[in-house]
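# A closer look at the structure
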Amino acid sequence: MAQDNLQKHLDAGRYGSPKINPDEQKEYLGTFRERCLLSMTIKEMRDKDNEAGLLMEIQKEPTARLLINGAISTSLQQRYMSIATKHNIDFTIVNDAVADNDSKIGLLVVADYAVNIPEIDVKKKYPDLQKNAESEKPKEKSGFWNRLFK
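What you are looking at is a predicted structure, and each value in this text was computed from that prediction instead of being measured. (Residues numbered from 1 in each chain as written. Predicted model: local features only at pLDDT ≥ 70, side-chain atom pairs only at ≥ 80, totals over all residues. Heavy atoms only, no water.)

## Concerning the pairing of strand β4 (residues 105-110)
- Of all 6 residues in β4, 6 are buried, a share of seventy percent or more.
- For strand β1 (residues 36-41) and β4, the ladder comprises 5 bridges, and the chain directions are antiparallel. Note on β4: the bridge partner recorded for Cys36 is Val110.
- Examined bridge by bridge, strand β2 (residues 65-69) and β4 share 4 bridges and lie antiparallel to one another. What sits directly across from Leu67, in β4, is Leu108. (Buried < 20%, exposed > 50% of the residue type's maximum accessible area, 1.4 Å probe, protein only. Helix = DSSP H or I, 4+ residues; strand = E, 2+ residues; numbered from the N terminus. Pairing = 2+ DSSP bridges.)

## Thoughts on the side chain of Asp121
- Relative to the helices and strands, Asp121 is located in the loop between β4 and α6 (122-125).
- Put simply, Asp121 is tucked away with no salt bridge, and the nearest opposite charge, on Lys124, sits 5.3 Å away.
- The residues touching Asp121, leaving out its near neighbours within four places in the chain, are Ser39 and Glu44. (Lys, Arg positive; Asp, Glu negative; His and termini not counted. Salt bridge = Lys/Arg side-chain N within 4 Å of Asp/Glu carboxyl O. Contact = heavy atoms within 4.5 Å.)

## Quick look at the pattern of salt bridges
- In this structure the tally under the stated criterion is 5 salt bridges.
- Residues Arg79 and Glu51 are paired through a salt bridge, measuring 2.8 Å at the closest nitrogen-oxygen approach. One end of the pair, Arg79, is in helix α5 (residues 74-86); the other, Glu51, is in helix α4 (residues 51-60), and 28 residues separate them in sequence.
- Across the salt bridge formed by Glu57 and Lys125, the nearest N and O atoms sit 3.1 Å from each other. Of this pair, Glu57 sits in helix α4 while Lys125 sits in helix α6, placing them 68 residues apart in sequence.
- Here Glu57 falls in the buried class, since its relative accessible area comes to 3%.

## Description of the pairing of strand β3 (residues 90-94)
- Pairing of β2 with β3, which is carried by 5 bridges, proceeds in the parallel orientation. Within the sheet, the bridge partner assigned to Leu67 lies in β3 and is Thr92.
- Following the backbone out of β2, through α5 and into the adjacent parallel β3, one traces a crossover that is right-handed. (Right-handed = clockwise from strand over helix to strand, strands pointing away.)

## Considerations on the sheet that holds β1
- Spatial ordering of the open sheet is given by β1-β4-β2-β3, a layout of 4 strands whose pairing is mixed. Every interior strand has two partners, whereas the edge strands, β1 and β3, have only one. Recorded for the sheet is a direction-independent mean angle of 15° between the axes of neighbouring strands.
- With respect to the sheet, α4 is in contact with β1, β2 and β4, its orientation differing from that of β1 by roughly 165°.
- Against the sheet, α5 makes contact with β1, β2, β3 and β4, and its axis sits at roughly 175° relative to β2, the strand it touches most. (Axes fitted to C-alpha atoms, helices over the stretch in contact; angles between N-to-C directions.)

## Structural notes on the packing of α4 against α5
- As a packed pair, α4 and α5 sit with axes 11 Å apart at the nearest point and diverge in direction by 30°. Along this stretch, α4 crosses α5, giving a crossing that reads as right-handed. Where α4 approaches α5, its residues Glu51, Leu54 and Leu55 are matched on the opposing element by Arg79, Tyr80 and Ile83.
- Partitioning the contact of α4 with α5 into residue classes produces 4 nonpolar, no polar and 2 charged. (Left-handed = near helix turned anticlockwise from the far one by under 90°. Nonpolar A, V, L, I, M, F, W, Y, C, P; charged D, E, K, R; others polar.)

As structure tokens, then:
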């Protein structure tokens, strides 16, 4: 029995403390899925329409914090850092995250406790924002030559 405790202590010193669900933590920027309130992929972060969903989530949960993928472009990081600063929300840049494609998570709104929200994707959680953005886009004016040659 004492040998097992000694081995666990030595292993913890050599390899660090064992992590619970390391694959899940890697995917969700170092936190657990059950703590996530809202997620944005890197592609969704580039779309300014999704910022309204982020702001709505921040208003619902003012004690939440942002986790920002450190592998995304600096300009994109700065855009969301300024939103967090403006609304007095804590944020963390997660440097060990990956951004090898646009479908990876780029931003998470997380709580310090389990919330177990079934849908966290910004486009699925706030579908009305996407419809409003499409209807607000100005229609292309057709010029004389376009009308003539249609």
